[in-house]
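# Notes for the structure review
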Amino acid sequence: MKTLLRLTNIRIISQVVFLGLFLFTVWASWTTRIQGYPVSRFLEIDLLVALSTTLSTGHIYRFLGWSILLLLLTVLFGRVFCNWMCPLGTLHQFSGWLFNIRSVKERQDQNRYQPRQVIKYSILIILLIIAAFGTVQVGLLDPIALLHRSVATGISVIWDFVMSVTSFTHLQLAPGTTERIFTGSFWIGLVFVSIIVLNIWHPRFFCRTLCPLGALLGLLSVFPLFRIHRDMKLCTDCDLCLTRCEGASSPEGSLRLSECIVCMNCIDDCPENALSFSLPPHVSTPVSPVPDITRRHFVFAGLIGLIGFPLIRSNGKSNDANYSPLMIRPPGSVAETEFLKKCIKCAQCIRVCPTNVLQPTGLQEGGIEALWTPVLNFNVGHCQQKCSLCSYVCPTGAIREISVTEKLGFGKFKQHGPIRLGTAFINRSRCLPWANEIPCIVCQEVCPIAPKAIQTYDEEVKDTFGNLVVLNKPFIIPDLCTGCGICQKECPVTDQPAAYVTAVGESRSQERRLLLRYRTNPEES
Amino acid sequence: MKNNDDVRPNKFNRREFLKRVAFASTICGGATYLAWAPEDYPFSLKDFTGARSIPEPQQFTLPDYRVTLPTGIPEIGIGRDKTTSGRLTKALDAIGGITQFVQPGDVVLLKPNVAFDRSPELGATTSPELLEVLIRRLLIDCRAQEVRVADNPIESPADCFVKTGIKKAVEKAGGRINLPDGNAFRILQTPGAELIRSWPCFYRPLIGVTKVIGVAPVKDHNLCGASMGIKNWYGLLGGQRNQFHQDIHTIIADLSIMIKPTLTILDGSKILMRNGPTGGDPAYVKPWDVIVAGTDQVAMDAWAFVNLLQRDESKLPQYLYLAEKKGGGKIDASNRILEVS
């Protein structure tokens, strides 16, 4: 009779707690709840995020140093994170269990080590090399970033829809909003669904073959203090330990330490009690500590990284002459090339944004390099004055932590002026007063700047029907405009707004400035 | 691998034939009925012209929320005092006291102005302090069953309620906030209106409501001159409100007859004098000690325009004249006003 308090059950509790914690922080950090604060913890202990941004920037931002905890854990106990903490790993294990309709023999065959499991090390090497050159792409496959992105742009929308239909609006992730949209969420969702569905074909395919964080932790767990030991005297070579081996780490032979994710299932399944998780005993079984990476793998991955970086960069979207006018970054963002060194596409900023203005970038604004990084789409929302939530939740400092005072350029930030996201313009051929003799100026009404960055030429004219109308024809004062985009959001010409914001004039970059100097009223200063 | 055991002697006979024919004719007959039976027959799905599948918008009309008052009581009360609670009491007592308007068991909807994500000091939104005092009065003095607070802000609703301090104040006093979302709107029919005869309105908080009170700040407005009691009802509407500015005066005049509130309260404690309706600089705000309460929004707005915003009487916003013509109220407040200080 197995005891209830065995390692595998404790592991399941740990997995449930960590997955629950992950989902709870996602829910609780909405703007009206605890305002985004602790949700980054999972990404801040993510060693891959810390390592790649350290390689790209040379510094360790804010709380990323906490990833040392994960380093310590892995060096002592092996890849415990993968099977005890990682929320995506839990989802993989759960779906693998759910889809499991195989016989014991088939399962044993599926859980044998496969040579393709070495792919993840190549992926890791490529990602780290291009990170060192200056473009961080770990977020595409990093399990925490990938899961958070999928939850933020896909699962949250489904949840909110169900809660709205069933009238549990207070349980919604974003209560009090009309239908949130996330451009390109189909592709983000497709990646997520694909890696989950792959579990039908091969259990934990993602963890075993693709996960770069797993690869990094695997490389760190070559000499753990504790590990799985097999007592050769008791072992009858029955292969039952393979039945539920999550990592495909050859527990039946020479255990592959870098593949073992310490699920403890083999201990449970061994009829002879030959397996244990412990400090090394006197007589130790053979292990294979180092993964099967050969020099060829290194050279191959290195070459791809080497040619990959210039290829991605030459796409030309981060260039200061060819940048997209739509590439408007959140307030507090660092200059574009620095941004690409830091952003891990986790979509936390996109999720906490109260107006839904932050969207995952598609290919047209930033090319493949900036795919799924945050961009502001002012047709969807606008950047609210008294809000800097996106900068609070950013784990890597792509959006530097700023206060509302700094964002608005008040108090001690007065000399720096407000943070500008871009500059608004008026398209006079679509603007109702300019082009059609119809009064409007919603843009001026909603402009939050004091004094207003939109002023008007006032004119009384006889319109084409002979009515006398007063037209207030708006124009932008770029010295005052911060590019918040509310004029574009509220413009009644909704499909292609007559008031619109483009990236030029953003204060994060010297090269993308617009004005030589910002004019002020000499009487006021 | 299939065995030949599967091959069995053919059992098809007359009985089987009839059964299958009966089955086929039931299915096809049923389908034929659904598709081709005249439209007024039961279960008919026939829609030959496509007219039947045009969705019928869910429409509603607003009842008159006013209460009949004993004669001889002034319609507009002005209260001047240093404290919010003091000036509210004085203003309400001048028109007969709050218990005249809200009876025990009433479900009251308060409509503050929470349009922007601004600090209360900037005068762009309704004062949270006034709301807190008012909700306490309604729940304790009037023994109202429930006090709801609703608005459809221009910026993120959830955020606006928090940043203006209104969420905290309302919840502290025991009121309930209703946030707008995609399912909260229905088409409101306003028969006398010119431009918003049917327009999406924030419907959910209005369900079961017996009394409606508008609580508005007094502020400058770039386009229509001033935003006060009548303009406050703008926040109850949804849809493409940004078209309203093409003829804002007619819209506000329509708003004056769209809803007939039990009571309107104008907060003259932080008056936004310029750069409205958003403000943004405390220097634009004039602190004062006035609260106006009453039942004639047109007269109240005209009084506030002259006495609170301190503008010239000859420059009254055009919408007030239009509202008077439509029957929203009377501009001339003489003999209907009582000032207590």
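Here the structure is a predicted model, which is why all the values come from computation and not from measurement.

### Brief notes about the overall build of chain B
- What chain B contains, in helices and strands, is eight helices and 12 strands.
- A globule of 341 residues ought to have a C-alpha radius of gyration of about 20 Å, yet chain B, at 28 Å, is considerably larger.
- Viewed in the frame of its principal axes, chain B has a C-alpha envelope of about 105 × 45 × 40 Å.
- Each of the 341 residues in chain B was classed as buried or not, and the buried ones make up 50%.

### Some points on the interface of chain A and chain B
- The partner chain B presents 28 residues to the 33 residues of chain A that form the contact.
- For the side of chain A that touches chain B, the leading source of residues is helix H21 (residues 442-446) of chain A, giving four residues.
- Classifying every residue of the side of chain A that touches chain B gives 17 nonpolar, 11 polar and five charged.

### A short note on unusual backbone geometry
- The omega torsion of the bond from alanine 450 of chain A to proline 451 of chain A falls at -10°, within 30 degrees of zero and hence cis.
- Here proline 451 of chain A shows up in the loop between H21 and strand E8 (454-462).
- Looking along the chain, the bond that leaves glycine 276 of chain B and enters proline 277 of chain B is cis, with omega of 0°.
- Along the polypeptide, proline 277 of chain B turns up in the loop between strand E10 (263-272) and strand E11 (285-294).
- For glutamate 437 of chain A, which is not a glycine, the phi torsion comes out positive at approximately 55°.

### Notes on the sheet that holds strand E1 (residues 59-61) of chain B
Residue and element names in this part refer to chain B.
- On the basis of which strands lie adjacent, the open sheet formed by three strands has the order E1-E6-E7 and mixed pairing. Each edge of the sheet is formed by a strand with only one pairing partner; in this case those strands are E1 and strand E7 (198-202). Averaged over neighbouring strand pairs, the angle between their axes works out to 50° when direction is ignored.
- Pairing analysis gives five bridges linking strand E6 (residues 185-189) to E7, with the strands arranged antiparallel. The partner of glutamine 189 across the bridge, within E7, is serine 198.

### Quick word on the domain arrangement of chain A
- Looking at the assigned domains, one finds that chain A contains domain 1 (11-225) and domain 2 (420-525).
- Here domain 1 of chain A and domain 2 of chain A have C-alpha centroids that lie 43 Å from each other.

Thresholds applied
- Residues numbered from 1 in each chain as written.
- Chains lettered and ligands numbered in written order.
- Predicted model: local features only at pLDDT ≥ 70, side-chain atom pairs only at ≥ 80, totals over all residues.
- Helix = DSSP H or I, 4+ residues; strand = E, 2+ residues; numbered from the N terminus.
- Rg over C-alpha atoms; globule rule 2.2 N^0.38 Å.
- Buried ≥ 20, exposed ≤ 12 C-beta atoms within 10 Å, placed from the backbone.
- Contact = placed C-beta atoms within 7 Å.
- Nonpolar A, V, L, I, M, F, W, Y, C, P; charged D, E, K, R; others polar.
- Pairing = 2+ DSSP bridges.
- Axes fitted to C-alpha atoms, helices over the stretch in contact; angles between N-to-C directions.
- Domains from an automatic or database assignment.

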